[in-house]
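A closer look at the structure
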Amino acid sequence: MNAKKIDKIAVGFLYAMAGVIVLILFSLLAFILWRGIPQISWEFLTTPSKSFQTGGGIVIQLFNSFYLLILTMLISTPLSLGAAIYLSEYAKKNLLTDFIRTIIEVLSSLPSVVVGLFGFLVFVLQWGLGFSILSGAMALTLFNLPLLTRTIEDSLRAIPLTQREAGLALGLSRWETVNLVILPAALPGILTGMILAAGRIFGEAAALIYTAGQSAPALDFTNWNPLSISSPLNVMRPA
Amino acid sequence: MEDSQKKLAEHSGKSRLEKIGKTISFLCIAFIVFVVLSILYFVASKGIATFTKDGVSLIDFLTGKIWNPGSIGENGKPLTGALPMIAGSFIVTLLAAAVATPFAIGAAIFMTEISPTVGKKILQPVIELLVGIPSVVYGFIGLSVVVPFMRNTFGGSGFGIISAAIVLFVMILPTVTSMSVDTLKSVPRYYREASLALGATRWQTIYKVVLRSATPGLLTAVVFGMARAFGEALAVQMVIGNAALMPTNLITPASTLTSILTMNMGNTVMGTLENNVLWSLALILLVMALFFNILTRWIGKKGAMN
Amino acid sequence: MKFNRYNKLAIAFISTIFLAACSPLEGEESITAVGSSALQPLVEAAGEQYGSENFGKFINVQGGGSGTGLGQIAADAVDIGNSDIFAEEKSGIDASKLVDHRVAVVGITPIVTPEVGVTDISLENLSKIFTGEITNWKELGGKNLPITVLNRSSGSGTRATFDRWVLTEGSKSIVTQEQESSGTVRQIVASTPGTISYVAFSYVDDTVKALSIDGVKPTDKNVKKNKWIIWSYEHMYTNGEPVGLTKDFLDYILSDEVQNTLIGALGYIPTNQMEFERDAKGMTTEVLKKTEQKSD
């Protein structure tokens, strides 16, 4: 009897807690939408911004965000794919592997200012890339690598061992097994990981201030020559 | 005879491919490790310069209570006491984690044990959405909602540790919750079945079986949340008030390592003491990140042994 | 080897981008100006106008703070270093090689929450507030309301100027709340009763009240006549005498066209309208008549 009462109370308590959380989360979302939606219009999304007048839109910023995102993914996906394959298929369970994992996780918990300044000093100044989309994309890659590596590794590991064994039994080499059997099977998981990582990149600010810069030059959307500064495709322009 | 011997001794095309594949994947990981090590080296070399080049003693730095690197104190050394920021960071982080933990675990239990359908349909998408919201937005909400609320409730300016802790609580809640959900989900189903079969109530099963076996994972989730709170800069900077004072209570302005770091980095010149000492703060952050990491690893190992 | 084909494509794409990056188009030129966030909107706006008038010339303007601007220009890593303060005032900067271009003057005024009941304050009392000797508005004839002091972060140009001209010799501001940007400062002052802080003239709006000091109102006119003493230059430093596009752009900013239109429109005071000038040590002298005639 007593145990049942406790059960009822506890479950009620859990309902209340979940309710509070739902309330917090929804009011957060509602607040963001309430402050943001009235400002968003088609003009806002498609006109260039004006730095010394109110008004203007965010078309350049929007384009730059997506461009940065794509570049970052292009740089970081092959890298973390390779790293994840190594970690899940080849790495032995030893101190070195442990060390590598720790290192990667430390990278993910670094404050973004630190990574941003590192990018500023190395990419922007040392390598002479200047404030540019490319510098920004590389700084973002630093953020992205640990998260992406981890999620890809997880989705690779989720593939049952039997599939690997089957591949090996058919006379495929380990590398072929990974490429032809494991990767296609893990693709949905990898894609989810990439989308999650993309979400994180999209919201990153501090690191970009120091690497991609803060002012976007006027873009000429008809100029598709990636060598011209006003072309949207140029990776060396600031964003 | 010789031909076939040679053929057997020689590496096949496949094994060469295998080698190449292994090398490529190893190079990727080596590159990542190299990058991280160079970041570590970079921060450490700058951070340590405060002590080697500028002659600040480590003890003064860690225990001094006055922060004003631009001016010289009574003992003829720069005022680089980082204790107020260190204390601020720790208090804010611990508070946020202390509030977030019961909520996150409660929500996770609700989502996995009590009402999986509601959890999956409503809570999960909302939580995943919130993980991706940039911290500036949280800071802005803190500034326009939490700070005025604190001011009206407790008086003062409203800026302070408690406001920062609340903002961080909301920020880490989605992360900790979703990690806790994953942990609870990985508790084998037959544990629950065995417990229920023995006549235990749902709550007894949750409390005595599911939570017990999920403890290491839950701890990892909390520590992960703390690591995120510790390293968060923008949102905290907007609501904590940024006064480099020893925190005496929860409602007066204080500061954290990250808030001072972000605020002053651009105003100092590379290579000067003012700048180096900021890198020393970054070094503390890094050491803490390392510590949190080793902690989660250690918890994970302990859990695996049981 | 499906996977490898994709890899090759990706590698090919990335390498094109990298190659493209190395060779800017003929006839296009760009310079980079880094530093002070207070000066950033002005340089950005001027750069935008300049870019639209001179096809193929681009001015990249980045923030980062005065310290970054001075540090980078001293290291010759950028073309122009923007700063709110004299290079000589910043420790760790070798100012001897830097050439100063004073593009504008900015006046700084104390602001308070409207309901404190004080509109005028003596310079001495203002100093006492920031050094913690006066802690309630009642002591200045206002409401019985504790004073909350809000500073800009130490090292910011606005803070340096305010401390230099308001605080009495040798005294220091109390350790108190700090904020990084003028916009945040204004928002906090507007919403927190009894708060005092300071911002550039252009940031003053209806939500906050600008105090007059010893009966002098914070206006451009008073700054030009040096009656309002809390003002500073906005500097654009070059490493050595400017050449090429850098020189053209600086000339453009200093031209009457920009000085008389854009600078005023953005809330700055054109340098050529000042009747006084200052050097790095804070010595203020009256400008000779002939420059005044020139500006007419």
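Not measured: the values here are computed from a predicted model.

**Overview of the overall build of chain C**
Within chain C, the secondary structure is distributed over ten helices and 14 strands. If you take every contact in chain C between residues at least 6 apart in sequence, the share linking residues at least 24 apart comes to 72%.

**A look at the overall build of chain A**
When you go through chain A residue by residue, the secondary structure sums to nine helices and zero strands. Ordering the α and β elements of chain A from the N terminus gives α-α-α-α-α-α-α-α-α. By the burial criterion, 44% of the 239 residues in chain A qualify as buried. Contacts in chain A between residues far apart in sequence, at least 24 positions, make up 67% of those at least 6 positions apart.

**Side note on the pairing of strand S1 (residues 29–35) of chain C**
For a regular strand, the rule is simple: side chains alternate between the two faces of the sheet. Residues and elements named next belong to chain C. Most of S1 sits inside the fold, with six of its seven residues counted as buried. Strand direction decides the pairing type here: S1 and strand S2 (residues 57–64), joined by seven bridges, are parallel. Looking at S2, one finds that Gly35 is bridged to Gly64. Regarding topology, helix H2 (residues 40–53) serves as the crossover connection from S1 to the parallel S2, and that connection is right-handed.

**Re the interface of chain B and chain A**
Across the boundary between the two partners, chain B contributes 59 residues, which contact 52 residues of chain A. Counting only elements with at least two residues in the side of chain B that touches chain A, the list comes to helix H2 (13–52), helix H4 (83–114), helix H5 (116–131), helix H6 (135–154), helix H7 (161–185), helix H9 (202–231), helix H11 (257–265) and helix H12 (273–305) of chain B. Ranked by the residues each element gives to the side of chain B that touches chain A, the list is headed by H2 of chain B, at 19 residues. Of the residues assigned to the side of chain B that touches chain A, the class counts are 43 nonpolar, eleven polar and five charged.

**Remarks on the nonpolar core**
For soluble globular proteins, nonpolar side chains are generally found buried alongside one another. Residues Val167, Leu168, Val239 and Ala282 of chain B are the most contacted members of the largest nonpolar core, which totals 140 residues. Per-element accounting of this core gives the leading share, 15 residues, to H7 of chain B. Within the second largest apolar cluster, 71 residues are counted, among which are Ala38, Val116, Tyr237 and Tyr268 of chain C.

**Side note on unusual backbone geometry**
One non-glycine residue, Asn242 of chain B, adopts positive backbone phi at about 55°. Residue position: Asn242 of chain B is located in the loop between helix H10 (234–240) and H11.

**Description of the packing of H4 of chain B against H7 of chain B**
Residue and element names in this part refer to chain B. Two elements in contact, H4 and H7, have axes whose closest approach is 6 Å; the angle formed by their N-to-C orientations is 40°. Comparing their axes, H7 and H4 come out oblique. As H4 packs across H7, the resulting crossing turns out to be right-handed. Here the residues of the contact of H4 with H7 are counted per class, giving 23 nonpolar, four polar and one charged.

**Some details on the pairing of strand S3 (residues 80–83) of chain C**
Residues and elements named next belong to chain C. The alternating pattern of S3 places Ile80 and Asn82 on one face and Gly81 and Ser83 on the opposite face, and all of these are buried. Bridge count between S1 and S3: three bridges; the pairing is parallel. By the bridge assignment for S3, Ala33 is matched with Ile80. Here S3 runs beside strand S11 (residues 231–239); their pairing, made up of three bridges, is antiparallel. Bridge pairing links Gly81 to Tyr237 in S11.

**Here we look at the environment of Ala165 of chain B**
Note on placement: Ala165 of chain B falls in helix H7. Taking the C-alpha atoms as reference, Ala165 of chain B lies 8.9 Å from Ala229 of chain B; in sequence the two are 64 residues apart.

**Notes on the packing of H4 of chain B against H5 of chain B**
Residues and elements named next belong to chain B. The contact between H4 and H5 brings their axes to 5 Å, and the two run at 115°. Each of Ala107, Phe110, Met111 and Thr112 in H4 lies in contact with H5, whose residues at this interface are Pro116, Gly119 and Leu123. Here the contact of H4 with H5 is built from residues that sort into five nonpolar, two polar and no charged.

**Observations regarding helix H6 (residues 133–157) of chain A**
Every α-helical turn comprises 3.6 residues, leaving residues that sit three or four positions apart pointing alike. Here H6 of chain A contains 25 residues, and its C-alpha end-to-end distance of 34 Å stays within 8% of the 36 Å for a straight helix at 1.5 Å per residue. Counting buried positions along H6 of chain A yields 23 of 25 residues, so the element is predominantly enclosed.

**Brief notes about the environment of Ile134 of chain C**
Residue and element names in this part refer to chain C. Turning to its location among the elements, Ile134 is positioned in the loop between helix H4 (123–130) and strand S6 (148–152). Of the residues examined, Ile134 has 19 C-beta atoms within 10 Å and is grouped as partly exposed. Taking the C-alpha atoms as reference, Ile134 lies 9.3 Å from Pro146; in sequence the two are twelve residues apart. Discounting residues that sit within four places of it in the chain, Ile134 has contacts with Asn125, Lys128, Ile129, Glu139, Leu140 and Ile147.

**So, the confidence of the model for chain C**
Residues and elements named next belong to chain C. Residues at a pLDDT of 70 or more form 88% of chain C, whose mean pLDDT is 80. The secondary structure element of chain C with the lowest average pLDDT is helix H10 (residues 289–295), at 44, and the one with the highest is strand S10 (residues 212–213), at 92. Low pLDDT (under 50) marks residues 19–25, which in the prediction has ten contacts with non-local residues, meaning those over four places away or in another chain. Across residues 289–296, where pLDDT falls below 50, the model places four contacts with residues more than four positions away in sequence or in other chains. Predicted complex, confidence summary: ipTM 0.72, pTM 0.78.

**Overview of the confidence of the model for chain A**
Detailed reading of the predicted model is not advised wherever pLDDT is low. Residue and element names in this part refer to chain A. The pLDDT averaged across chain A works out to 74; a share of 69% of its residues lies at or above 70. Contacts from residues 50–56, a stretch scored under 50 in pLDDT, to residues over four places away or in other chains number twelve contacts. Low pLDDT, under 50, characterises residues 221–225; the predicted model gives this stretch seven contacts beyond four residues in sequence or across chains.

**Quick word on the environment of Gly81 of chain B**
Within the secondary structure layout, Gly81 of chain B lies in the loop between strand S2 (78–80) and H4. When the C-alpha atoms of Gly81 of chain B and Leu290 of chain B are compared, they prove to be 23 Å apart, with 209 residues separating the residues in sequence.

Parameters and conventions
Residues numbered from 1 in each chain as written. Chains lettered and ligands numbered in written order. Predicted model: local features only at pLDDT ≥ 70, side-chain atom pairs only at ≥ 80, totals over all residues. Helix = DSSP H or I, 4+ residues; strand = E, 2+ residues; numbered from the N terminus. Contact = placed C-beta atoms within 7 Å. Buried ≥ 20, exposed ≤ 12 C-beta atoms within 10 Å, placed from the backbone. Pairing = 2+ DSSP bridges. Right-handed = clockwise from strand over helix to strand, strands pointing away. Nonpolar A, V, L, I, M, F, W, Y, C, P; charged D, E, K, R; others polar. Core = buried A, V, L, I, M, F, W, Y, C linked by C-beta atoms within 7 Å. Axes fitted to C-alpha atoms, helices over the stretch in contact; angles between N-to-C directions. Parallel < 35°, antiparallel > 145°, perpendicular 65-115°, else oblique. Left-handed = near helix turned anticlockwise from the far one by under 90°. Expected span 1.5 Å × (residues − 1). pLDDT = per-residue confidence, 0-100.

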